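Each chain, letter by letter, is given below.
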Amino acid sequence: MKNAIPLVIATRNKGKTSEIKALLKDFPVEIRNLDDFGPIPEVEEDGESFDENAYKKASFTARILGYPALADDSGLSVEALDGAPGVHSARYAGKSAADEQKCAKILEEMQGKFNRKAAFECVISIAVPTGAALTYQARCEGLISDKPLGSNGFGYDPIFYYPPLKKSFAELTQEEKNQVSHRGKALKEVRDEFEKVLIWLRQHLPVQEKFVCAK
Ligand code: ITT
């Protein structure tokens, strides 16, 4: 794409990468992800909010690689569990637990609970190497099912029942999920003002030094 701006998606989560790439496919950006670069240090996601962690991931990646970076910090908040797993969603059942184990843990904790209300939340941070950043956020409300349903998506999708479509997120196609999800809605906001985002990104791109040989 002509005049495309480089943008690194700062995630190692394949499910997220695939959804974000699909949502940004018509933008004049040249998308790269962390796998396009050599090993870089892990960011410690020790913030107390999705905002804090999203900014940490985006600004760290932009600084270390020298390109604008887009990070997503997201998670599931369950009302009857006092908002858990929240910012701990990725490692709720232990650092290397599989998605099935994370879902099983929530289902177990929800046994006998009458209030099944839950929400997925997402904060997107777009940062430039100087550390400046733009933030977008959105949420999507649903219910915790009593058993896993469907096999699409990732993470907690099989236990997140979305009443308006009468299906769990894992029973939706990626396109259907992106229309209504927390991530889809946050990225729609990015899309809606993308002309302004592009101007902002161009203003903050590092100046390319021209080296001239001395005579
Ligand atoms: P990165 O930090 O590398 O982006 P991560 O998986 O560690 O990847 P987060 O810290 O943002 O990402 O944790 C989000 C977790 O919340 C994720 O691992 C899933 O378990 C869950 N989650 C977020 N969005 C989800 C979605 O759309 N569907 C299902 N689960 C989701």
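None of these values were measured; they are calculated from a predicted model. Sequence order sets the numbering: in each chain, residues are counted from 1 along the sequence as written. Given that this is a predicted model, residues contribute local features only at a pLDDT of at least 70 and side-chain atom pairs are listed and counted only at 80 or more, while totals for whole chains, interfaces and linings are drawn from all residues. Based on all heavy atoms of the structure, the side-chain values leave hydrogens and waters out of the count.

A.B. asks: What's the story with the overall build of the protein chain in this structure? I'm lost.
C.D. replies: In terms of helices and strands, the protein chain carries 6 helices and 7 strands. Helix and strand definitions here come from DSSP, where helices need a minimum of 4 consecutive H or I residues and strands a minimum of 2 consecutive E residues; each element is numbered from the N-terminal end. Secondary structure of the protein chain in N-to-C order comes out as β-α-β-α-β-α-β-β-β-β-α-α-α. The globule rule puts the C-alpha radius of gyration for 215 residues at 17 Å, and the 19 Å found for the protein chain is close to it. For the C-alpha atoms alone, the extent of the protein chain along its principal axes is close to 80 × 30 × 25 Å. The globule rule used for comparison is 2.2 Å times the number of residues to the exponent 0.38, while the radius of gyration itself is calculated over C-alpha atoms.

A.B. asks: Explain the packing of aromatic side chains here, please?
C.D. replies: Centre-to-centre distance and the angle between the planes together describe a pair of aromatic rings. Aromatic rings from Phe, Tyr and Trp, taking only the six-membered ring of Trp, are treated as a pair when their centres fall within 6.5 Å; an angle between ring planes under 30 degrees marks them as stacked, one over 60 as edge-to-face, and anything in between as tilted. All chains considered together, the criterion is met by 6 aromatic pairs. For the ring pair Phe27 and Phe194, a centre distance of 4.2 Å and an interplane angle of 25° mean the geometry is stacked. Residue Phe27 is located in the loop between α1 (14-23) and β2 (29-33), and its partner Phe194 is located in helix α6 (residues 194-204); the two are separated by 167 residues in the primary sequence. Side by side, Phe27 and Phe194 carry an identical accessibility label, which is buried. Put simply, the rings of Phe120, Phe160, Tyr162 and Phe169 touch in pairs and so form one group of aromatic residues. Distance and angle both matter: a charge sits over a ring if NZ of Lys or CZ of Arg is within 6 Å of the ring centre and within 35 degrees of the ring normal. Across the ring face of Tyr67, the terminal group of Arg32 is positioned such that the distance to the ring centre comes to 4.8 Å. One cation-aromatic arrangement involves Lys105 over Tyr92; the distance from NZ or CZ to the ring centre is 4.2 Å. Remark: exposure states derive from per-residue accessible area (1.4 Å probe, protein chains only) relative to the maximum for the residue type, with buried under 20%, exposed over 50%, and partly exposed in between.

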